[in-house]
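Architecture at a glance
Spelled out, the chains give:
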Amino acid sequence: MKDSRERLERQWQEILNLSTQMRECAEKRDWNSLQNAIATRELLLLCHFEDKDLSLQLAEKIARIEKLRELDGVVLELTSNNKNLLANEILKLQK
């Protein structure tokens with residue numbers, strides 16, 4: 001049981017690391033790396049929240065999801081801002 005909990009916590013730390021990596025990729029406008037980090041994190045998230053060996057308490061699941069929403073909000077804001085910048089650059093090039 002302890003090993004399962006440790007595995008779950010390592011998995012959670014990797015999810016958080018990938019979330020940080022996603023933010024960094026968005027800041028650098030590195031869209032390919034961002035997409036790779038999203039795909040990798042998505043697989044880990046599926047495993048993490050569906051773990052049959054050790055299920056997280058509901059409050060812990062909610063707290064983790066809220067943390068991810070917070071981190072993802074920053075990434076969404078950065079990508080949205082960059083989308084607007086790219087649209088403006090395209091308009092300038094067309095003129």
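As shown above, the structure is provided for reference.
Attention in this report is confined to the structure presented alongside it. No experiment lies behind these values; they were computed from the predicted model shown. (Residues numbered from 1 in each chain as written. Predicted model: local features only at pLDDT ≥ 70, side-chain atom pairs only at ≥ 80, totals over all residues. Heavy atoms only, no water.)

Concerning the pattern of salt bridges
Close approach of charged atoms lets side chains of opposite charge pair. Scanning the model with the defined rule gives seven salt bridges in all. Among the salt bridges present, the one from Arg5 reaches Glu60, with a minimum N-O distance of 2.6 Å. Of the two residues, Arg5 sits in helix H1 (residues 2-28) while Glu60 sits in helix H3 (residues 58-94), which places them 55 residues apart along the sequence. For Arg5, a relative accessible area of 31% puts it in the partly exposed group. Judged by relative accessible area, Glu60 falls into the partly exposed class, the value being 21%. Here Arg69 ties to Glu66 by a salt bridge, and the two come within 3.3 Å at their closest N and O atoms. Here the residue Arg69 and the residue Glu66 both occupy positions in helix H3, the gap between them amounting to three residues, near one helical turn. (Salt bridge = Lys/Arg side-chain N within 4 Å of Asp/Glu carboxyl O. Helix = DSSP H or I, 4+ residues; strand = E, 2+ residues; numbered from the N terminus. Buried < 20%, exposed > 50% of the residue type's maximum accessible area, 1.4 Å probe, protein only.)

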